[in-house]
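Notes for the structure review
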Amino acid sequence: MYRQLKHGFTALRHRCYRTMHFEYWPMQVFYAPMVPVWLYYALKSRNPFYFTAVNPGIKNGGFFNNSKFDILKQLPAKWIPKTILLKPGDHPDYSALSYPLVVKPDNGLRGKGVHIVGNKRELDLALSVEYPVLLQHYVDLPLEFGVFFYRDTRTGKPSISGVTGKHFLTVKGDGRSTVGELLRKMPRASGKLRHYKEKLLKDWQVVLQEGESRIVEQIGNHNRGTLFYDASELINMQMVDLFENIADKINGFNWGRFDIRVASINDLYSGDQLKILEVNGSQSEPTHLYDPGYNLLHAYRVVLKHFRLNYHFARSLVKQGISQYPSPRQFLTELRRHLQHSSRIQNKLKAQS
């Protein structure tokens, strides 16, 4: 009885904590105050879907229904992990694979449907889906960042508006508590305790020594418990030049976020040991705004800045004849496809839970 009350109180405390901190809010709730801003720019551009025009070389500007593989394959092999595109019914050459592997939808959905698999059984389960997936060799480099790249609306010169550092969900031992008990105490982990219990089945009851750390989740996504922090102080012209060089390899790419892993900070400037996990287009968030040290007002200032930049660059490309706005019919057709794809991923996740 006491344990049930304790767990109930902990769950209530976590729920209150997550309600008070905007980084945990559903996307629809966080962006609701931005609807009038979107309407303002929609009226100015005379098209409610202006935001898709920023990347004319990517389907829908990378807002949705675009292939991550089509972007990655344009990049030099030195910058990307070995990646295979598999369509429903396809099977990889198992003898040529080395684990661990990352399996994720080719048409992404904010980190949903992403798995790290360590054997053939787990891989077969992850591949039992009705949509194309990417099979990617796991990049075992210690540092992960999100780099938000864009071009100036007037000059076309490159710029980086923010760099997001990532701390993977980690538990730290106290010499008394099990891994499961440590996770139950963490608001960042509270939404996925069942997932972590299944993942850490062998270690759930292990007691960590005082000061001993263990990474629980190695997928650098916000909904997997990863802590995002603002690392924009790392930006300099060397970094801008490197990511301009990378962006130039992608046809019609002007706006978006590179999710990368590096061996050291210096690789953000040299590109020597740098691997690009994926490139996100028009739907990209400047994720450094989720730094726990920032308040809601600061976060909305960051969002407003990027709304403004996005609008002006899209309008500039359309005026130059480089890009064009989609018709309502085109956009709504793509939206229906996106919702169908989202539903397939959600249904698969429910079936696996």
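Everything quoted here is computed from the prediction, not taken from an experiment.

What counts, and at which threshold
- Residues numbered from 1 in each chain as written.
- Predicted model: local features only at pLDDT ≥ 70, side-chain atom pairs only at ≥ 80, totals over all residues.
- Heavy atoms only, no water.
- Helix = DSSP H or I, 4+ residues; strand = E, 2+ residues; numbered from the N terminus.
- Rg over C-alpha atoms; globule rule 2.2 N^0.38 Å.
- Buried < 20%, exposed > 50% of the residue type's maximum accessible area, 1.4 Å probe, protein only.
- Contact = heavy atoms within 4.5 Å.
- Lys, Arg positive; Asp, Glu negative; His and termini not counted.
- Charge placed at Lys NZ, Arg CZ, Asp CG, Glu CD.
- Phe/Tyr/Trp six-rings, centres within 6.5 Å; stacked < 30°, edge-to-face > 60°.
- Lys NZ or Arg CZ within 6 Å of the ring centre and 35° of its normal.
- Core = buried A, V, L, I, M, F, W, Y, C linked by side-chain atoms within 4.5 Å.
- Pairing = 2+ DSSP bridges.
- Axes fitted to C-alpha atoms, helices over the stretch in contact; angles between N-to-C directions.
- Parallel < 35°, antiparallel > 145°, perpendicular 65-115°, else oblique.
- Left-handed = near helix turned anticlockwise from the far one by under 90°.
- Nonpolar A, V, L, I, M, F, W, Y, C, P; charged D, E, K, R; others polar.
- Salt bridge = Lys/Arg side-chain N within 4 Å of Asp/Glu carboxyl O.

**Considering the overall build of the protein chain**
Tallying secondary structure elements over the protein chain gives 11 helices and 11 strands in all. In terms of overall size, the protein chain behaves like a compact globule, its C-alpha atoms giving a radius of gyration of 21 Å where 353 residues would be expected to give roughly 20 Å. With the C-alpha coordinates aligned to their principal axes, the bounding extent of the protein chain is approximately 65 × 50 × 45 Å. The buried share of the protein chain, taken over its 353 residues, is 48%. Considering only contacts in the protein chain between residues 6 or more positions apart, those separated by 24 or more positions represent 73%. In the protein chain, which carries 49 positive and 30 negative side-chain charges, the distance between the mean positions of the two groups comes to 7 Å.

**Concerning the packing of aromatic side chains**
Under the defined criterion, the tally for this structure stands at 22 aromatic pairs. Ring centres of Phe148 and Trp255 lie 5.2 Å apart, and the angle between their planes is 85°; on these two criteria the pair is classed as edge-to-face. In this pair, Phe148 sits in strand S5 (residues 143-151) while Trp255 sits in strand S10 (residues 255-262), placing the two residues 107 residues apart along the sequence. Each member of the pair Phe148 and Trp255 is classed as buried. Connected via pairs of aromatic rings, a cluster forms that spans Tyr40, Tyr41, Phe49, Tyr50, Phe51, Phe63, Phe64, Tyr311 and Phe331. The ring of Trp79 has Lys78 lying over it, and the distance from NZ or CZ to the ring centre is 4.6 Å. When the ring centre of Tyr94 is taken as origin, the NZ or CZ atom of Lys120, which lies over that ring, is 4.6 Å away.

**As for the nonpolar core**
Phe243, Ile246, Phe258, Ile260, Leu274 and Ile276 are the most contacted members of the largest nonpolar core, which totals 31 residues. Looking at this core, the elements that each hand over two or more residues are helix H4 (68-72), S5, strand S6 (158-167), helix H8 (237-247), S10, helix H9 (267-270) and strand S11 (274-280). It is H8 that contributes the most residues to this core, 6 residues altogether. With residues up to four places along the chain from it excluded, the contact list for Phe243 reads Val147, Phe149, Ile160, Phe258, Ile260, Leu268 and Leu274.

**Describing the sheet that holds strand S4 (residues 133-137)**
Read from one edge of the open sheet, 4 strands run S1-S4-S2-S3, paired in antiparallel fashion. The open sheet has two edge strands with one neighbour each: strand S1 (83-86) and strand S3 (115-117). The average undirected angle you get between the axes of adjacent strands in this sheet is 25°. Both strand S2 (residues 101-105) and S3 contribute to a ladder of 3 bridges, which runs antiparallel. Residue Val103 lies in a different strand from S3, and its bridge partner there is His115. Packing of helix H5 (residues 120-127) onto the sheet brings it into contact with S1, S2, S3 and S4, and relative to S3 it is tilted by some 150°.

**What about the environment of Ser327?**
With respect to the helices, strands and loops of the structure, Ser327 is situated in the loop between helix H10 (296-319) and helix H11 (328-352). Considered as a pair, Ser327 and Pro48 are 279 residues apart in the sequence and their alpha carbons are 9.4 Å apart.

**Focus on the packing of helix H3 (residues 35-45) against H10**
One can describe the packing of H3 onto H10 by two numbers: an axis separation of 11 Å at closest approach and a directional angle of 15°. With respect to H10, the element H3 is oriented roughly parallel. When you trace H3 past H10, the crossing you get is right-handed. Judged by residue contacts, Val37, Trp38, Tyr41, Lys44 and Ser45 of H3 engage Leu304, Phe307, Arg308 and Tyr311 from H10. Classifying every residue of the contact of H3 with H10 by side-chain character gives 6 nonpolar, 1 polar and 2 charged.

**Some remarks on the pattern of salt bridges**
Counted according to the given criterion, the structure contains 19 salt bridges. The closest approach of N and O atoms between Asp70 and Lys73, which form a salt bridge, is 3.5 Å. A salt bridge links Arg261 to Glu144; the nearest nitrogen and oxygen atoms lie 2.8 Å apart. With a gap of 117 residues between them, Arg261 in strand S10 and Glu144 in strand S5 connect regions that are remote in the sequence. When its relative accessible area of 5% is taken as the criterion, Glu144 is described as buried. Through salt bridges that share partners, Glu144, Lys166, Arg257, Asp259 and Arg261 make up one connected network.

What is shown is where atoms sit, not what they do.
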